[in-house]
Amino acid sequence: MALAKEFGNLSKEEAQAVGNTGALELAMADRMIENVVGGMTLPLGIAVNFLINGKDYLIPMAIEEPSVVAAASNAARMARPTGGFRAHTTEPVMIGQIQLVDVPDPESARLRILEIKEEVLKLCNEKDPVLVKFGGGARDMEVRVIDTARGPMVIAHLLVDCRDAMGANAVNTMAEAAAPLLEEAAGGRVYLRIISNLAVKRLVRATATFGKEAIGGEDVVEGILQAYAFAAADPFRCATHNKGIMNGIDAVVIATGNDWRAIEAGAHSFAAMGGHYKPLTTWERDAEGNVVGTIELPLAVGLVGGATATHPTAKANVKLLGVNTAQELAQVIGSVGLAQNFAALRALATEGIQRGHMSLHARNIAVMAGAKVEEVDEVVERLLAVKVIRVDKAQEILKEIRRKD
Ligand code: NAD
């Protein structure tokens, strides 16, 4: 830290800000990653009103962006009269890829690999008796032949039920263990042995109905359907549509110590799977004229392993959430994604996104302008009154306030 402080010319206060690890002890942080000097804290909010599969949840969300927690809570409130969210998951099966190159006869090599499937699965399961004890383990194997710029490759997919683990370490270990057997059977050379984040066998699906009266009438329903059709037809809009979904998803993923890069990679590759980048949600009008949303995406989250097991805040958040399995956690997260998308589309289709954002945005601007905690409220109030939310205006207001004092 001393070196970084000197190199970056940091003041004592700045060095302390970097060095603050919050609830995570420095020694623990140092065991999690390399070259540790401190911590990076994010605001943690709690989304309310969520009723999922008949159970009430308080949902911790770690995020720096204003409005996300309020929007999720608001959407969840509107879904309650119609029963809240219904969510389910597939089995928590991850894919481990083993790449074989220079295989002279790729199609017959594919069959030779499939012939030794049981032997491969047995070997993999010997590598993780704990996972097997908890009901998981290597379940199946699929083999594909793909065309690449360097000729055909044989790609084996090891399908591993990871139960309550995200599974990257478990799957990578198994893929590495299986590789020599596959190499022998295929007759080529193995290169990569690694999990795929396109977790198509580990999906979460959730749905909710929003009553047309509860959300502001038929015009709002129409606006949401128009917004959805836009996203489904246009990748420029779709990127932002899905970003709004990930606002909610990532916030819970981070709060529970899960790997949000893995979730992001899985979500966007899934959205692009058909060769056309598509929304992760759908929106339709039901027979009564209400709007019904669905969401479907890969969600490889765990309750054991990774930071979920080591970060004290993540552990407490999982307890607060009250989920018993990784699948239940995925159901909660999928529902939050759907709620977040509903809130964004409703705002966009009615008053626009900025009104809801403005007062929170004004707080950020006030702080950027140098307002102290006790000055923020007055600066925000005056920025909103003049409807000019800019740093120069906030500085001007601050000067006036301070002159007055
Ligand atoms: P892990 O290896 O720390 O824990 C998983 C292990 O816990 C299992 O293999 C099993 O032996 C044991 N276990 C105990 N109780 C269990 C239960 N109820 N259900 C299932 N397993 C149980 O963690 P992991 O989930 O294998 O790996 C997650 C980490 O890997 C994350 O931190 C992630 O960031 C990292 N990672 C990700 C990628 C990627 O996504 N591409 C690649 C490498 C590493």
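Reference entry: report on the structure contained in this document. Because the structure is predicted, anything quoted here is derived from the model rather than measured. Sequence order as written defines the numbering, with residues in each chain counted from 1. Whole-chain, interface and lining totals are the exception, using all residues; otherwise, since this is a predicted model, local features are given only for residues with pLDDT of at least 70 and side-chain atom pairs are given and counted only at 80 or more. Note: side-chain values were computed over all heavy atoms of the structure, leaving out hydrogens and water.

**Focus: helix H6 (residues 117-127)**
Right, so step 1: Of all the positions in H6, only Val 120, Leu 121 and Cys 124 are classed as buried. Across the axial projection of H6, the buried residues extend over an arc of 95°, all falling on one side. Projecting away from the buried face of H6 at angles above 90 degrees are the exposed residues Glu 118, Lys 122 and Glu 126. Each residue's exposure class comes from its accessible area (1.4 Å probe, protein chains only) as a fraction of the maximum for that residue type: buried when under 20%, exposed when over 50%, partly exposed otherwise. Runs of H or I in DSSP of at least four residues are treated as helices and runs of E of at least two as strands, each being numbered from the N terminus. As used here, the arc is the angular range of directions from the helix axis to the C-beta atoms.

**A look at the site of the ligand**
Right, so step 1: Put simply, a residue is near a molecule or strand once any heavy atom of it comes within 4 Å of that molecule or strand. Residues in contact with the ligand amount to 21 residues; listed here are only the nearest, Asp 128, Gly 167, Asn 169, Asn 197 and Asp 259.
Right, so step 2: Contacts to the ligand include Asp 259, whose side-chain N or O atom sits 2.7 Å from an oxygen atom.
Right, so step 3: Considered on its own, the ligand offers 870 Å² of accessible surface; in the complex 74% of this is hidden by protein.
Right, so step 4: Broken down by secondary-structure element, the contributors of at least two residues to the shell around the ligand are helix H7 (129-133) and helix H8 (168-186).
Right, so step 5: Here the shell around the ligand takes 4 residues from H8, the largest share from any one element.
Right, so step 6: When residues are sorted by character, Ala, Val, Leu, Ile, Met, Phe, Trp, Tyr, Cys and Pro go into the nonpolar class, Asp, Glu, Lys and Arg into the charged class, and all the rest, Gly among them, into the polar class. Class assignment of the residues belonging to the shell around the ligand gives a composition of 11 nonpolar, 6 polar and 4 charged. Polar contacts, as counted here, are pairs of nitrogen or oxygen atoms within 3.5 Å of one another; within protein the pair requires one atom able to donate a hydrogen and one able to accept it, and residues that are adjacent in sequence qualify only if both atoms are side-chain atoms. Under the convention used here, a 1.4 Å probe and the Shrake-Rupley method define accessible areas, while residue burial counts only the protein chains that appear.

**With respect to the nonpolar core**
Right, so step 1: What makes a nonpolar core is a set of buried Ala, Val, Leu, Ile, Met, Phe, Trp, Tyr and Cys residues whose side-chain atoms join them at distances within 4.5 Å. Phe 50, Ile 59, Met 61, Phe 85, Phe 210, Ile 249 and Trp 283 are the most contacted members of the largest nonpolar core, which totals 59 residues.
Right, so step 2: By residue number, the principal contributor to this core is helix H14 (residues 326-349), which donates 10 residues.
Right, so step 3: Sequence-distant contacts of Trp 283, that is, excluding residues within four places in its chain, are made with Phe 210, Ile 224, Leu 225, Tyr 228, Val 291, Val 292, Gly 293, Leu 338, Asn 341, Phe 342 and Leu 345.
Right, so step 4: Judged by nonpolar contacts, the second largest core, of 35 residues, contains Met 94, Leu 131, Ala 156 and Ala 262. Should any heavy atoms of two residues lie within 4.5 Å, those residues are considered in contact.

**Quick look at the environment of Glu 375**
Right, so step 1: Structurally, the position occupied by Glu 375 is in helix H16 (residues 373-386).
Right, so step 2: Residue Glu 375 is classed as buried on the basis of its relative accessible area, which comes to 10%.
Right, so step 3: A C-alpha to C-alpha distance of 9.2 Å links Glu 375 and Arg 402, two positions 27 residues apart in sequence.
Right, so step 4: Residues contacting Glu 375, with those up to four places away along its chain left out, are Gly 370, Leu 398 and Arg 402.
Right, so step 5: Engagement of the side chain of Glu 375 in a polar contact is seen with the side chain of Arg 402, the distance being 2.8 Å.

**Concerning the packing of aromatic side chains**
Right, so step 1: Two aromatic rings from Phe, Tyr or Trp, using only the six-membered ring of Trp, form a pair when their centres are within 6.5 Å; if the ring planes differ by under 30 degrees the pair is stacked, by over 60 it is edge-to-face, and anything between is tilted. Summed over the entire model, instances satisfying the criterion amount to 4 aromatic pairs.
Right, so step 2: An angle of 25° between the planes, with centres 5.5 Å apart, marks the rings of Phe 50 and Phe 85 as stacked. Here Phe 50, found in strand S1 (residues 44-52), pairs with Phe 85, found in strand S3 (residues 85-89); they are 35 residues apart in sequence, far enough to count as distant.
Right, so step 3: Taking relative accessible area as the criterion, Phe 50 reaches 1% and is therefore assigned buried.

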